[in-house]
Amino acid sequence: MDAAEQAVEVRGLRVRRGGNLVLPGIDVDVRAGSVTGLLGPGGSGKTTLMRAVVGVQIVESGRVRVLGDDAGSPALRRRVGYVTQAPSVYADLSVRENLRYFARVVDARRGRVEEAIEVVGLGGHADQIVRTLSGGESSRVSLATALLGEPELLVLDEPTVGLDPVLRRDLWQAFHELADGGVTLLVSSHVMDEAERCDELLLLREGRVVANGTPAAIRERTGSDDLEQAFLALADAP
Amino acid sequence: MTARATLATAARVLRQLRRDHRTLGLILLVPAVLLTLFKYVFDSQEGTFDRIGGPLVGLFPFISMFLVTSIAMLRERTSGTLERLMSMPLAKLDLLLGYALAFALAATCQAGITAAVGFGLLGLDSEGAIWLVVLLAVANAVLGMALGLLLSAFATSEFQAVQFMPAVVIPQILLGGLLVPRGQMAPALEWASDALPLTYAYDALARTTLRGDVDGRLWLDVAVVAGCIAVALALGAATLRRRTP
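Note that the structure is predicted; figures quoted are calculated from it, not measured. (Residues numbered from 1 in each chain as written. Chains lettered and ligands numbered in written order. Predicted model: local features only at pLDDT ≥ 70, side-chain atom pairs only at ≥ 80, totals over all residues.)

Some thoughts on the overall build of chain A
Condition: Under the DSSP-based scheme used, a helix requires at least four consecutive residues in state H or I and a strand at least two consecutive residues in state E, with every element numbered from the N terminus. As a reference, a globule follows 2.2 Å times the number of residues to the power 0.38, and the radius of gyration itself is taken over C-alpha atoms. Residue burial here comes from a neighbour count, namely the number of other C-beta atoms, placed from the backbone, that lie within 10 Å of the residue's own C-beta, with 20 or more meaning buried, 12 or fewer meaning exposed, and in between meaning partly exposed.
Within chain A, the secondary structure is distributed over seven helices and ten strands. Scaling as 2.2 N^0.38, a compact globule of 238 residues should have a C-alpha radius of gyration of about 18 Å, and chain A matches this with 18 Å. Projected onto the principal axes, the alpha-carbon positions of chain A cover approximately 55 × 40 × 35 Å. When each of the 238 residues of chain A is scored for burial, the buried share is 46%.

Description of the interface of chain B and chain A
Often the size quoted for an interface is simply the accessible area lost on bringing the parts together. Keep this limit in mind: Throughout, a pair of residues is in contact if the C-beta atoms placed from their backbones lie within 7 Å. Side-chain classes are defined by residue name, with Ala, Val, Leu, Ile, Met, Phe, Trp, Tyr, Cys and Pro counting as nonpolar, Asp, Glu, Lys and Arg as charged, and the others, Gly among them, as polar.
On the side of chain A, 23 residues touch chain B, which itself brings 23 residues to the contact. Going through the elements one at a time, helix H1 (3-19) and helix H4 (81-86) of chain B are the ones with two or more residues in the side of chain B that touches chain A. Broken down by element, the side of chain B that touches chain A gets its largest block of residues, seven residues, from H1 of chain B. Taken together, the residues that form the side of chain B that touches chain A break down as eight nonpolar, six polar and nine charged.

Re the sheet that holds strand S10 (residues 208-213) of chain A
Residues and elements named next belong to chain A. We count it as follows: Strand pairing is defined by DSSP finding a minimum of two bridges between the two strands. Here, axes are lines fitted to C-alpha atoms. For helices the fit covers the stretch in contact, and angles between N-to-C directions go from 0 to 180 degrees.
Strand order in this open sheet of six strands is S6-S7-S8-S3-S9-S10, and the pairing throughout is mixed. Two strands in the sheet have a free side with no partner beyond their single neighbour: strand S6 (80-83) and S10. Ignoring strand direction, the axes of neighbouring strands in this sheet form an average angle of 15°. Note: S6 against strand S7 (residues 153-157), four bridges, orientation parallel.

What about helix H10 (residues 216-238) of chain B?
All names here are of chain B. Here is the rule we go by: Every helix has an expected span of 1.5 Å times one less than the residues it contains.
Between its first and last C-alpha atoms H10 spans 33 Å; for 23 residues at 1.5 Å apiece the expected length is 33 Å, and the two agree. Taken as a whole, H10 has its buried residues at Leu218, Asp221, Val225, Ile229, Ala232, Leu233 and Gly236. Those residues of H10 hidden inside the fold are in contact with helix H5 (92-121), helix H6 (130-152) and helix H9 (197-211).

Some points on the sheet that holds strand S5 (residues 69-70) of chain A
Adjacent strands of a sheet pair through backbone hydrogen bonds, lying either parallel or antiparallel. All names here are of chain A. The four strands lie next to each other as S2-S1-S4-S5, forming an open sheet whose pairing is antiparallel. Where the open sheet ends on each side, the last strands, each with one partner, are strand S2 (20-31) and S5. Bridge analysis of strand S4 (residues 61-66) against S5 gives two bridges, and the strand direction is antiparallel. What sits directly across from Val66, in S5, is Asp69.

Notes on the nonpolar core
We apply this condition: Each nonpolar core comprises buried Ala, Val, Leu, Ile, Met, Phe, Trp, Tyr and Cys residues, the members being joined through C-beta atoms within 7 Å.
Counting residues in hydrophobic clusters, the biggest one holds 138 residues, and the most contacted among them are Val53 and Val155 of chain A together with Phe103, Ala146 and Ala201 of chain B. Ranked by residues supplied to this core, first place goes to H6 of chain B with 17 residues. Aside from chain neighbours lying at most four places away, what touches Ala201 of chain B is Leu59, Phe62, Asn140, Leu143 and Val225 of chain B.

Topic: the environment of Ala201 of chain B
Residue and element names in this part refer to chain B. With respect to the helices, strands and loops of the structure, Ala201 is situated in helix H9. What makes Ala201 buried here is the crowd of 27 C-beta atoms within 10 Å. With 58 residues separating them in the primary sequence, Ala201 and Leu143 have C-alpha atoms 9.3 Å apart.

Some remarks on the environment of Gly40 of chain A
Residue and element names in this part refer to chain A. By secondary structure assignment, the location of Gly40 is in the loop between strand S3 (35-39) and helix H1 (46-54). Considered as a pair, Gly40 and Glu206 are 166 residues apart in the sequence and their alpha carbons are 8.7 Å apart. Among residues more than four places away in sequence, those in contact with Gly40 are Lys46, His190, Leu203, Leu204 and Arg205.

Some words on the packing of helix H2 (residues 95-105) of chain A against helix H4 (residues 135-147) of chain A
Residue and element names in this part refer to chain A. Stated precisely, the cut-off is as follows: The scheme is simple: roughly parallel for angles under 35 degrees, roughly antiparallel for over 145, roughly perpendicular for 65 to 115, oblique for anything else. Each crossing gets its handedness from the near helix: less than a right angle anticlockwise from the far helix is left-handed, clockwise is right-handed.
Where H2 contacts H4, the two axes come as close as 9 Å, and the packing angle between them is 25°. The orientation of H2 relative to H4 falls into the category roughly parallel. The element H2 and its partner H4 pack so that their crossing is right-handed. Between H2, through Val95, Asn98, Leu99 and Phe102, and H4, the contact on the second element is made entirely by Val141, Ala144 and Thr145. Classifying every residue of the contact of H2 with H4 gives five nonpolar, two polar and no charged.

Points about the environment of Ser44 of chain A
Positionally, Ser44 of chain A belongs in the loop between S3 and H1. In this structure, Ser44 of chain A is in contact with Leu204, Arg205, Glu206 and Gly207 of chain A, ignoring residues within four places of it in sequence.

A word on unusual backbone geometry
Residues and elements named next belong to chain A. Not every positive phi belongs to a glycine, and Asp107 is a case in point at roughly 55°. Relative to the elements of secondary structure, Asp107 occurs in the loop between H2 and helix H3 (112-119). Even without being glycine, Glu158 reaches a positive phi, approximately 50°. For Glu158, a count of 22 C-beta atoms within 10 Å translates into the label buried.

Structural notes on the packing of helix H3 (residues 48-79) of chain B against H6 of chain B
Residues and elements named next belong to chain B. Where H3 meets H6, the axes come as close as 7 Å, and the angle between the chain directions of the two elements is 30°. Our classification of the angle between H3 and H6 gives roughly parallel. Crossing of H3 against H6: the hand is right-handed.

Digging into the confidence of the model for chain B
Residues and elements named next belong to chain B. Put simply, the rule reads: The predictor attaches a confidence to each residue, and that confidence, scored 0 to 100, is pLDDT.
Of all residues in chain B, 100% attain a pLDDT of 70 or more, and the chain-wide mean is 93. Taken element by element, chain B is modelled with least confidence in helix H7 (residues 158-175), mean pLDDT 92, and with most confidence in H1, mean pLDDT 95. Interface predicted TM-score (ipTM) for the complex: 0.88; the corresponding pTM is 0.89.

So, in structure tokens, the structure goes:
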């Protein structure tokens, strides 16, 4: 494959966390401009892989290239947005105060704060203190923060946990709109029904890629109608 | 680093502080209340309050800012906001100076109130200028902030972080010369006190309030405190990791 088409290229990545070999040497490609779903059960290495792509993870060996640079290089801090699983915003500030602060840190263009609030559907809560929001709302504040700098690659760790179906649908729609504008999204989930909404899938189990490709291709390969079954078939395969 | 990110950080820290009315109230008023308590506790001992009161005005901010910063930084570490900031185009110095600026401002208000109460209401006298006492208080606040930031890296919970206060601050107060002149200490203790930054902070305050010696020796004390701030900030910056295990 042409390297220029890949937003993320991971080769032979080995990561140990807390004494455990979480990623034993993994190869992963993420196509530029795609919504790529990273699926797998808890403990399969999704978060560790995402942390390595963002460049916040100490790795043992291997190479992680992101948008043509080494992961974590200073130039990428403007071009990559990262949302951790737990909302990482200031609980004692309002939604807007949080976003204004991070907007100044990334030097976002004027008006970006209000746009980001709209994308995540928090218009009615903009002046509410984050501590008083629900879990799903706080994680949307965290997501809005990552949108401020208009990154070329968005790495989202389980962004839809705790959201009602309508919001989940709206967010996935927003992800595809971003991708249509040229942004690459790497989105993790442990819910299989979200897999259908991705352009590409990476199925991860015990630190290894058990399958990758479009949802249709994976279904075809395993001969099963839904992805849950496909995943089970792949997980049981030797 | 950029002035934009540094100032934004300072403004954010101040906004968080302002939002927490009780903490703000405690920061601003507790030193003045304690100073009043000192006066009446030592009422029967002629001259004691006059000797320790002035320097205390400048030492309270060290203690407050040490505590506030160690908890605030610990929260940044545990809430994931530090990791987020470290993955953003923010220089470590932006974060450190942002905190320093915010707490220096808070310390100016705190020391101003304490000085007004001490020198105004409680009848303390200062040989040197009172603005110099406030200025030294702000330097001590930044020293406390820098040490708190550094030590927060060694705490994994708020319980641990608050325990650093007695462990780090009280020995420095005991050995610094405030309670017992350093010359009257056992040699080993005097050497230990030579190695502690608060000794120089106290010496500068004592020279200003008690003797009015605004001379080279005072500026040497200030230089030592400034050096300790720089070292603590550099070590603190080293504990802010872009990559973590």
